[in-house]
Amino acid sequence: MKKRFIGLNGRPIKGEDPLVLLDSGTIIDLEENLRKTGLPQDSAGLLLYANPNTYVIVPGVLNELKSHSSMRINGKVRELEPSTIDVCDTLAQRTQEMIECLKSNTSIDWDTIGYDVWLASQVAFEEGHKKREQDIISSVDREIITTAFYMAQAKPEIDERGRVTITSPDTHIRNTTNLLNKQERYIYKVEYHSPRGRKFKQ
């Protein structure tokens, strides 16, 4: 019997449901853009809640969001609404439950993928590039990529395959993801989408 993951709204996640990993920059930009349209302050949280079976929040991203929870723009407007943090907290819990389920029921090794991500991240930019020598990839970025590739490879063993996408404006994530997609061992690829520009797919 195939294992079914349960989403935030209590509905089982179907194999065809896409999984979209968000970084903190994407969520902060979402909040800012919705604020500029004049929508209610809790719109970002409501938008994430509206399709909870899609969005994946890793623990590192949640910690980054919480660190922004007390920040205010021009000393007045919250950078992130409490409702957004609350929804992301629940999504992060669901993410951990899904990962633990995959670890217990599949043969895919988390640590091997994590090591591949680290190796790829070291050569994602040419020698001498600022992002290779100074502005290096963060541990949270590597956590996002590792989670995406792990889910993409492990989920088909116990459920139908669904698309896995990372949405992030970060070029570290883009370049490392593109390098890993070129490796033959990763049968199921991970898409990369920048909320600020074009879509990259290998």
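Scroll up to find the structure this text is about.
Enquirer: How would you explain the pattern of salt bridges if you had to name every residue and give the values?
Expert: Applying the stated criterion to the full structure yields four salt bridges. A salt bridge links K66 to D89; the nearest nitrogen and oxygen atoms lie 3.4 Å apart. Here K66 is found in helix α3 (residues 59–68), whereas its partner D89 is found in helix α4 (residues 82–105), with 23 residues between them in sequence. The class of K66 is partly exposed, set by a relative accessible area of 38%. Note on D89: relative accessible area 23%, which makes it partly exposed. The salt bridge partner of R163 is E191, with a shortest N-O separation of 3.6 Å. Here R163 is found in the loop between α7 (139–158) and β7 (164–167), whereas its partner E191 is found in strand β8 (residues 191–193), with 28 residues between them in sequence.

Enquirer: Could you give me a rundown of the pairing of strand β3 (residues 19–22), with the residues and numbers involved?
Expert: On β3, burial covers both faces: L19 and L21 on one face and V20 and L22 on the other are all buried. For β3 and β7, the ladder comprises four bridges, and the chain directions are parallel. Paired with V20 across the strands is T165, a residue of β7.

Enquirer: Tell me about a nonpolar patch on the surface, residues and numbers included.
Expert: A cluster of nonpolar side chains, Y115, W118 and L119, forms an exposed patch at the surface whose accessible area comes to about 310 Å². Structurally, Y115 is set in helix α5 (residues 110–122).

Enquirer: Any details on the packing of aromatic side chains? Residues and values, ideally.
Expert: This model, assessed by the stated rule, comprises three aromatic pairs. Seen in terms of ring centroids, W110 and Y150 are 5.2 Å apart; in terms of plane orientation they differ by 65°. Their pairing is edge-to-face. Placement of the pair is W110 in helix α5 and Y150 in helix α7, with a sequence separation of 40 residues. Here K103 stacks its cationic end above the ring of W110, 4.7 Å away from the centre of that ring.

Reading the values: rules and limits
Residues numbered from 1 in each chain as written. Predicted model: local features only at pLDDT ≥ 70, side-chain atom pairs only at ≥ 80, totals over all residues. Heavy atoms only, no water. Salt bridge = Lys/Arg side-chain N within 4 Å of Asp/Glu carboxyl O. Helix = DSSP H or I, 4+ residues; strand = E, 2+ residues; numbered from the N terminus. Buried < 20%, exposed > 50% of the residue type's maximum accessible area, 1.4 Å probe, protein only. Pairing = 2+ DSSP bridges. Patch = residues over 30% accessible without salt bridge, like charges linked within 9 Å, V, L, I, M, F, W, Y side chains within 5 Å. Areas by Shrake-Rupley, 256 points an atom, 1.4 Å probe, with all protein chains shown as cover. Phe/Tyr/Trp six-rings, centres within 6.5 Å; stacked < 30°, edge-to-face > 60°. Lys NZ or Arg CZ within 6 Å of the ring centre and 35° of its normal.

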